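Examining the three-dimensional arrangement
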Amino acid sequence: MDVIDIIRTKRDGGELSAEEIAWVIQRYTAGEVAEEQMAALAMAIFWRGLAPAELASWTTAMIDSGDRLDLSEVGRPTVDKHSTGGVGDKITLPLAPLVAACGVAVPQLSGRGLGHTGGTLDKLEAIPGWRAELSTEAMIRQLREVGAVICAAGAGLAPADRKLYALRDVTGTVESIPLIASSIMSKKIAEGTDALVLDVKVGSGAFMRDLRQARQLAETMVELGTAAGLTTTALLTRMDQPLGRAVGNAIEVAESIAVVRGEGPADVTHLTLELARAMVQAAGVDADPAARLADGSAYEVWQRMIRAQGGDPDAPLPRAAHRRTVTATEEVTIGRIDALAVGRASWQLGAGRDRPGARVQAGAGIEILAQAGETVRRGDPLFELHSDTPERFEDAEATLAGAVVGGEHQPADRVIEKVGT
């Protein structure tokens, strides 16, 4: 086979065979297909798309580029959740122990943030002593003994995706539904879980801002999972406004602890329960997540999960060295608070990174002090900014200048619709 012929075929709208796809993914992973050649193929896919058979073969080839985990020793049904990312989206933190308290094992392989959407691992690393890197053996042991683990994916899991994602990030080919779907699903299928629930965010603070495209992505991922024998469900959820009142790292952990104790903001608690019910159902277990939240068992699993990964669940969380309050400049009834503006401002304060590997500030972020539906007057507090570097405040304040949108607030369920079983 010849990689240039494969590029030309896709460039001209042709369909690649399973053998061609397997060959190019294998050779690319081994370093025998040049980065510029794979970049050209990714751009051809961006414009021409992948037929269903091509997409299935592409996903399989990425899975086969590395290891497949065997979770048969866990001793419980297993279910994972994946979110496409949003502002204040700390749902994984309370969700994993809650579902584990229902008798289901949750192997949550998570990532770090890049840009305005935060990373689960960055948030949890604000807990003193907590570690993200676990061996496969340690992960399976924790699933047996605790029922939940949130950790980084091992280097052997879909290595082709790791290379290809980095390439797409710098070649303008990220926004391709076939490439997004195969990237997510190759890792989740290789993870070896019995079931998967996808949280596909839609709105200004999400990667997918258009409902039609988000629905297409959800349907594509559900089809891939189902074809691989993985019970897969997707929820389309709103991300026009931040989730909860905390956006950052340590402050989102604090809010997550409040949720798992049954004391958190209503919107975060509601979505956590909705996803928990979907996960328990997908795993085939008859349990009531709301009862497990109310009786304290979810909080007990949270503490055990954090201790199992070296963290101290009772230790004080880091606090930023500097704070500044942003106040209203006029009287307004808040219709909504723009998620994208808040996410970008939190990133500017140091809660996120502008390149892979950069450090984040554990205490940086934004507390939202006024909510949609409230009327604020000139001088009333809107946001509290947290940062170790106060020179960042000015840019963050400028970003937040248009975040509060006046108008009538119409409360809406975060869940728009369900895709799949």
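What you are looking at is a predicted structure, and each value in this text was computed from that prediction instead of being measured.

Considerations on the sheet that holds strand S12 (residues 404–406)
On the basis of which strands lie adjacent, the open sheet formed by three strands has the order S10-S8-S12 and antiparallel pairing. If you trace the sheet from one side to the other, it starts and ends with strand S10 (375–376) and S12, each paired once.

As for helix H2 (residues 18–29)
Over its twelve residues, H2 runs 17 Å from end to end, which matches the ideal 16 Å to within 8%, given 1.5 Å per residue. Those residues of H2 that sit buried are Ile21, Trp23, Val24, Ile25 and Tyr28. As for H2, its buried residues are in contact with helix H1 (3–11), helix H3 (35–48), helix H4 (52–64) and helix H8 (159–169). Among the residues trailing H2, Gly31 stands out with phi positive, at a value near 85°.

What to know about the packing of aromatic side chains
With the rule as written, the count across this model stands at one aromatic pair. Consider the rings of Phe46 and Trp47, whose centres lie 5.4 Å apart with planes at 85°: the pair is edge-to-face. By relative accessible area, Phe46 is classed as partly exposed at 26%. Residue placement shows Lys163 over the ring face of Tyr28; its charged tip is 4.3 Å from the ring centre. Here the basic side chain of Arg261 rests over the ring of Tyr299, its NZ or CZ set 4.8 Å away from the ring centre.

Brief notes about the domain arrangement of the protein
Reports of interface size often rely on the accessible area that becomes lost once the parts have come together. Taken domain by domain, the protein comprises domain 1 (3–48), domain 2 (79–314 + 415–420) and domain 3 (322–406). Computed over C-alpha atoms, the centres of domain 1 and domain 3 are 43 Å apart.

Some remarks on the pairing of strand S11 (residues 381–387)
The element S11 is extensively covered by neighbouring structure, given that six of its seven residues are classed as buried. Sheet analysis places strand S7 (residues 322–327) next to S11, joined by six bridges and oriented antiparallel. What sits directly across from His322, in S11, is Ser387. Where strand S9 (residues 365–368) meets S11, four bridges bridge the pair, whose relative direction is antiparallel. From the neighbouring strand, Ile366 faces S11, where its bridge partner is Leu385.

Describing the nonpolar core
Val99, Trp302, Val342, Phe383 and Leu385 are the most contacted members of the largest nonpolar core, which totals 72 residues. There are two domains that each give this core at least three residues, and those are domain 2 (79–314 + 415–420) and domain 3 (322–406). Not counting chain neighbours up to four residues away, the residues in contact with Val99 comprise Val79, Val104, Val106, Ala276, Met279 and Val280. One finds Trp23, Ile140, Leu217 and Leu224 within the second-largest nonpolar core, a separate group that totals 60 residues.

Regarding helix H10 (residues 211–227)
Helix length check: H10, at 17 residues, gives a terminal C-alpha distance of 24 Å against a target of 24 Å (1.5 Å per residue), a fit within 8%. Where H10 is concerned, the buried positions are Ala214, Leu217, Ala218, Thr220, Met221, Val222, Leu224 and Gly225. Tucked inside the fold, the buried residues of H10 contact H4, helix H9 (177–190), strand S4 (195–202), strand S5 (231–238) and strand S13 (415–420). The N-cap residue of H10 is Asp210: its side-chain oxygen and the backbone nitrogen of Arg212 are 3.1 Å apart. The first or second residue beyond H10 is Gly229, which carries a positive phi of 85°.

What to know about the environment of Gln361
One can find Gln361 in the loop between helix H15 (339–351) and S9. By relative accessible area, which is 12% here, Gln361 ends up buried. Spatially, the C-alpha atoms of Gln361 and Pro381 are 24 Å apart, while their sequence positions differ by 20 residues. A polar atom in the side chain of Gln361 sits 3.1 Å from the side chain of Thr389.

Let's talk about the pattern of salt bridges
Considering all chains together, one arrives at 23 salt bridges under this definition. With its nearest N and O atoms 2.8 Å apart, the salt bridge here joins Asp161 to Lys187. Residue Asp161 is located in helix H8, and its partner Lys187 is located in helix H9; the two are separated by 26 residues in the primary sequence. Judged by relative accessible area, Asp161 falls into the buried class, the value being 5%. Among the salt bridges present, the one from Glu384 reaches Arg323, with a minimum N-O distance of 3.1 Å.

Some details on unusual backbone geometry
Even without being glycine, Ala158 reaches a positive phi, approximately 45°. With respect to the element layout, Ala158 can be found in the loop between strand S3 (148–152) and H8. Accessibility expressed as a relative area gives 1% for Ala158, which makes it buried.

Observations regarding the side chain of Glu252
If you trace the backbone, Glu252 turns up in helix H11 (residues 250–260). Leaving out residues up to four positions away in the same chain, Glu252 has contacts with Gly88, Asp89, Lys90, Lys123, Ala246 and Val247.

Here's the deal with the side chain of Thr220
Its location among the elements puts Thr220 in helix H10. Residue Thr220 is classed as buried on the basis of its relative accessible area of 13%.

Some thoughts on the sheet that holds S4
Strands in a sheet are paired, the pairing made by backbone hydrogen bonds, and the direction either parallel or antiparallel. Strands sit in the order S1-S4-S5-S13 across an open sheet of four strands; the sheet is mixed. For this open sheet the edge positions go to strand S1 (79–83) and S13, each flanked by a neighbour on one side alone. Taking the axes of each pair of neighbouring strands and ignoring which way they run, one obtains an average angle of 20° across the sheet. With eight bridges joining them, S4 and S5 adopt parallel strand pairing. The residue of S5 that forms the bridge with Val200 is Leu236. Sheet contacts for H10: S4, S5 and S13; angle to S5, the most-contacted strand, approximately 165°.

Definitions and limits used
Residue indices follow the written sequence of each chain, beginning from 1 at its first position. The predicted origin of the model limits local features to residues at a pLDDT of at least 70 and limits the giving and counting of side-chain atom pairs to 80 or more, whereas totals for whole chains, interfaces and linings rest on all residues. Excluding hydrogens and water, the side-chain figures rest on all heavy atoms present in the structure. Criterion used throughout: strands pair if DSSP finds at least two bridges between them. Each helix is a run of DSSP H or I of at least 4 residues and each strand a run of E of at least 2, with the numbering of both proceeding from the N terminus. What a helix should span is 1.5 Å times the count of its residues minus one. Burial here depends on accessible area, computed with a 1.4 Å probe over protein chains only, as a share of the maximum for the residue type. Under 20% is buried, over 50% is exposed, and the range in between is partly exposed. Whether two residues are in contact is decided by their heavy atoms: any pair within 4.5 Å suffices. Aromatic rings from Phe, Tyr and Trp, taking only the six-membered ring of Trp, are treated as a pair when their centres fall within 6.5 Å; an angle between ring planes under 30 degrees marks them as stacked, one over 60 as edge-to-face, and anything in between as tilted. Lysine NZ or arginine CZ positioned within 6 Å of the ring centre and within 35 degrees of the ring normal marks a charge as sitting over the ring. Domains are outlined according to an automatic or database domain assignment. Take the buried residues of types Ala, Val, Leu, Ile, Met, Phe, Trp, Tyr and Cys, join any two whose side-chain atoms come within 4.5 Å, and each joined set is a nonpolar core. Residues adjacent in sequence count toward polar contacts only when both atoms are side-chain atoms; beyond that, a polar contact is any pair of N or O atoms within 3.5 Å, and within protein one must be able to donate a hydrogen and the other to accept it. Take a side-chain nitrogen of Lys or Arg and a carboxyl oxygen of Asp or Glu: if they are within 4 Å of each other, that pair is a salt bridge. The angle between two axes is taken between their N-to-C directions and runs from 0 to 180 degrees, where each axis is a line fitted to C-alpha atoms and a helix contributes only its stretch in contact.

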